[in-house]
Amino acid sequence: MSASRILRWLLIPGAIAIALAVLISVWLVRSDGGRDWLLARVIGVLPADATLRWDQIEGTLSGPLEIRGIHFDYQGTSFDARRLRVDHGFWPLLSGRLDIHTLTLEHSLLVLPPDDKPIELPRWPDVLPVLDLPLTVEVGKLQVRDFQIRRVAEPLVKIASVEGGLTIGKGALRLRKIAVASDRGWLRLSGYYLPGENFRTALAGQMGFPAVPGSPPAQATLKAKGDLDDFLLSLEGRAPAPLSVRLRLKDGAGTPHWRLDASSGQLLLQQLGMAPDL
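In this report, the structure presented in the accompanying data block is examined. These numbers come from a predicted model, not from an experiment.

Taken as a whole and assessed by the stated rule, the structure comprises two aromatic pairs. Residues F79 and F147 carry aromatic rings whose centres are separated by 6.5 Å and whose planes lie at 75° to one another, so their mutual orientation is edge-to-face. Of this pair, F79 sits in strand β4 (residues 77-89) while F147 sits in strand β6 (residues 136-151), and the two are 68 residues apart along the sequence. The class for F147 is buried, based on a relative accessible area of 17%. Their ring planes at 50° and their centres at 6.3 Å tell us that Y193 and F199 sit as a pair that is tilted. Looking at Y193, the relative accessible area reads 13%, which means it is buried. On the basis of relative accessibility, which here comes to 15%, the residue F199 falls in the buried class.

Below you can see the structure in the form of structure tokens.
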């Protein structure tokens, strides 16, 4: 038997295996059955005391995917949402990246369990999030409507809307024109936070707080720039008189040196959402 004929016989099983892999992949990402099979696997790896369910689901894993009536519960923390729609690309997952073109979340509620732990001062630099994530997620267009957070029955914040874009991955977070409107005020923020690069940071934004009787709403411009070796956080605005705050950090990876400079002709804490007798 010639070598070419042997090679052809060896290639036949490989070609069949490749064809089967392609067919299974197409079934997995483009059919309702493939979607349901993978979601069942996701539920199967959740902790035994976790619950995840939904009322209705439409679409396939190749996108878009829309889920209605979501409920998740785990150890006293629950999350409910009336509607979640994800328009995404599936194939970039093969390289460890999830590209979400549009993510829409509507009418959701996060309920946190009681916090009975005594208050502890944060430890430096452990207080800084390191973002140790297994994959990179990019959201081109984020749309959140009516998102509430409670601790048991106590309302913490009511977020009317969140818009913008972001990319988050291992040791990196990039924000693109994030705009948040809530009952605590509004925030616009852009820039990056890179804990994987000595916590290199460059953030810029504006914030505003609800008006209080007898005073205009407090507003401020925020800037954060630097890394653990040299970092500066500045806040400039009115509350109601001109307000200036500058926080400087030097040698944050070793023995940190802090310097705080603040000045204001009149500062009403209630304009910043704090108790006036704090």
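Take unusual backbone geometry next. We note that Q75 has phi near 50°; this positive angle belongs to a residue other than glycine. Within the secondary structure, Q75 is located in the loop between β3 (65-74) and β4. Q75 sits in the exposed class, given a relative accessible area of 53%.

Estimates place the volume of the second largest pocket at around 320 Å³. Of all elements in the fold, only β11 (219-226) and β13 (242-250) reach the threshold of two or more residues within the lining of the second largest pocket. Here the lining of the second largest pocket is built from residues that sort into 14 nonpolar, two polar and one charged.

Moving on to the pattern of salt bridges. Oppositely charged side chains can form a pair if their charged atoms are brought close together. Evaluation of the coordinates by the stated rule reveals 11 salt bridges. The salt bridge involving R83 is made with E106; its shortest N-O contact spans 3.2 Å. Taken together, the positions of R83 in strand β4 and E106 in strand β5 (residues 97-112) put the pair 23 residues apart, joining distant regions of the chain. The exposure class assigned to E106 is partly exposed, which follows from its relative accessible area of 23%. Within this structure, E66, R68, R83, R85 and E106 form a network of salt bridges that share partners.

Now for the environment of F79. Since its relative accessible area comes to 22%, F79 is described here as partly exposed. Remark: the alpha-carbon pair of F79 and V111, spanning 32 residues in sequence, is separated by 6.4 Å. The residues contacting F79, other than those within four sequence positions of it, are I70, H71, F72, L105, S108, L109, L110 and F147.

Right, let's talk about the pairing of strand β9 (residues 185-194) for a bit. Both strand β8 (residues 172-182) and β9 contribute to a ladder of eight bridges, which runs antiparallel. Bridged to L175 within β9 is G191. The hairpin turn running from β8 into β9, its antiparallel successor, is two residues long. Here β9 runs beside strand β10 (residues 200-208); their pairing, made up of nine bridges, is antiparallel. Looking at the pairing, Y192 lines up with A202 of β10.

To continue, consider the nonpolar core. Ranked by internal contacts, the top residues of the largest apolar core, which has 37 residues, are L84, I100, L103, V139, L142, V144 and L175. Sorting the residues of this core by element identifies β3, β4, β5, β6, β7 (154-169), β8, β9 and β11 as the ones contributing at least two each. Among the elements that line this core, the one with the most residues is β6, at six residues. Excluding its chain neighbours within four sequence positions, the residues that come into contact with L103 are L84, R85, V139, K141, L142 and Q143.

Turning our attention to the pairing of strand β12 (residues 230-238). Note: β11 against β12, eight bridges, orientation antiparallel. Opposite K225, over in β12, you have L232 as the bridge partner. By the bridge criterion, nine bridges tie β12 to β13 in an arrangement that is antiparallel. Bridge pairing in β13 links D230 to K250. The hairpin formed by β12 and β13 contains three residues between the paired strands.

What counts, and at which threshold
Residues numbered from 1 in each chain as written. Predicted model: local features only at pLDDT ≥ 70, side-chain atom pairs only at ≥ 80, totals over all residues. Heavy atoms only, no water. Phe/Tyr/Trp six-rings, centres within 6.5 Å; stacked < 30°, edge-to-face > 60°. Helix = DSSP H or I, 4+ residues; strand = E, 2+ residues; numbered from the N terminus. Buried < 20%, exposed > 50% of the residue type's maximum accessible area, 1.4 Å probe, protein only. 1 Å grid on protein atoms, 1.4 Å probe; cavity = no way out; pocket = protein on both sides within 12 Å on 5 of 7 lines; lining within 4 Å. Points joined across faces, edges and corners; volume = space filled by probe spheres on them. Nonpolar A, V, L, I, M, F, W, Y, C, P; charged D, E, K, R; others polar. Salt bridge = Lys/Arg side-chain N within 4 Å of Asp/Glu carboxyl O. Contact = heavy atoms within 4.5 Å. Pairing = 2+ DSSP bridges. Core = buried A, V, L, I, M, F, W, Y, C linked by side-chain atoms within 4.5 Å.

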